[in-house]
Amino acid sequence: MTATTGTAQSAHADRPGRADGVCSEFTVFTKIKQGHANALREDLAALADPTGDERVHAAVRQIGTLHDARHVIFDNDTRFMFASVFDGSWDTYIDDFAKTVVGERFDKVFSHSEGFPGIKDPGVKEWFLAHQEPAGVFVSAYPDLTVQQIYKDHRVEEAFEEVLDTPAFRAALENPANAELVATPAFQKLLEEASA
């Protein structure tokens, strides 16, 4: 396991946050502007609405480095936390969000935080750095898999499942001419994993 504890160990020494394999964590704590908690809650509800803007999921796929993200209002509606897990460079991560519809959502949500300059403001990275705290412990369930690898693995699994469901594949498995291939440990492992 490659989880990190103790002093912050970032994949990029000049940026806070911990890394576990290819994954890095990003956690920001802010003060909510006086009287903005309900508006923030409404904006978060709109963001979480499954019937809402499909552009967000499309943008997250386009960015292709975000594993997950969380938004939390706490301390009696006075503080806000955004936490995420991503692949690659911290700077690229922030830049990529600014270029998509997700950046618009960041602007809307973080506009309720004191001092937020806007996602496209040249000082936004410094603002995030001033509000970022590294996790005490960060562990990824799949530290060696990037989001792009996970997407690919999912596509390969779907394609393989499709092949497994065809009569032609079943016939090929039962064909005596393929018995030697089917009996190999690698092929048996493949079939075991597919049926698990």
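Reading the values: the criteria
Residues numbered from 1 in each chain as written. Predicted model: local features only at pLDDT ≥ 70, side-chain atom pairs only at ≥ 80, totals over all residues. Heavy atoms only, no water. Helix = DSSP H or I, 4+ residues; strand = E, 2+ residues; numbered from the N terminus. Rg over C-alpha atoms; globule rule 2.2 N^0.38 Å. Buried < 20%, exposed > 50% of the residue type's maximum accessible area, 1.4 Å probe, protein only. Contact = heavy atoms within 4.5 Å. Areas by Shrake-Rupley, 256 points an atom, 1.4 Å probe, with all protein chains shown as cover. Phe/Tyr/Trp six-rings, centres within 6.5 Å; stacked < 30°, edge-to-face > 60°. Pairing = 2+ DSSP bridges. Axes fitted to C-alpha atoms, helices over the stretch in contact; angles between N-to-C directions. Core = buried A, V, L, I, M, F, W, Y, C linked by side-chain atoms within 4.5 Å.

A. Region of interest: the overall build of the chain. Assigned secondary structure in the chain consists of nine helices and four strands. Ordered by position from the N terminus, the helices and strands of the chain form the series β-β-α-α-β-β-α-α-α-α-α-α-α. Computed over C-alpha atoms, the radius of gyration of the chain comes to 22 Å, more than 25% over the 16 Å expected from 2.2 N^0.38 for 196 residues, which places it beyond the range of a compact globule. Oriented by its inertia axes, the alpha-carbon framework of the chain measures out at about 75 × 40 × 30 Å. Looking at the chain as a whole, 36% of its 196 residues are labelled buried. Across the chain, the fraction of contacts at a sequence separation of at least 24, relative to all contacts at a separation of at least 6, is 67%. Accessible surface computed for the chain: about 11,500 Å², of which carbon and sulfur atoms make up 54%.

B. Geometry of the packing of aromatic side chains. Scanning the entire structure with this criterion turns up 19 aromatic pairs. With a centroid separation of 6.1 Å and an interplanar angle of 65°, the aromatic rings of Phe26 and Phe82 are classed as edge-to-face. Residue Phe26 is found in strand 2 (residues 23-31), and its partner Phe82 is found in strand 4 (residues 79-87); the two are separated by 56 residues along the sequence. The two residues Phe26 and Phe82 agree in class, both being buried. Ring centres of Phe106 and Phe110 lie 5.5 Å apart, and the angle between their planes is 50°; on these two criteria the pair is classed as tilted.

C. Broad picture of the sheet that holds strand 1 (residues 19-20). Pairing in this open sheet of four strands is antiparallel, and the strands run 1-2-4-3 from one edge to the other. Every other strand in the sheet has two partners, leaving strand 1 and strand 3 (66-74) as the edge strands with one partner each. In this structure, strand 1 lies alongside strand 2, joined through two bridges in antiparallel fashion. Pairing of Ala19 across the sheet is with Ser24, part of strand 2. Helix 3 (residues 90-98) rests against strand 2, strand 3 and strand 4 of the sheet, and its axis sits at about 110° to strand 4.

D. Region of interest: the nonpolar core. By size, the foremost hydrophobic cluster in this structure holds 29 residues, and its most contacted members are Phe26, Phe80, Tyr93, Phe106, Phe110 and Phe128. Going through the elements one at a time, strand 2, helix 1 (37-48), helix 2 (54-63), strand 4, helix 3, helix 4 (101-110) and helix 5 (124-131) are the ones with two or more residues in this core. Grouped together as the second largest cluster of nonpolar side chains are five residues, Leu164, Phe169, Leu173 and Val182 included.

E. Structural detail: the environment of Tyr151. Tracing the backbone through its elements, the reader meets Tyr151 in helix 6 (residues 147-164). Using a relative accessible area of 17% as the deciding quantity, one classes Tyr151 as buried. Beyond its immediate sequence surroundings of up to four residues, Tyr151 is in contact with Val60 and Arg61.

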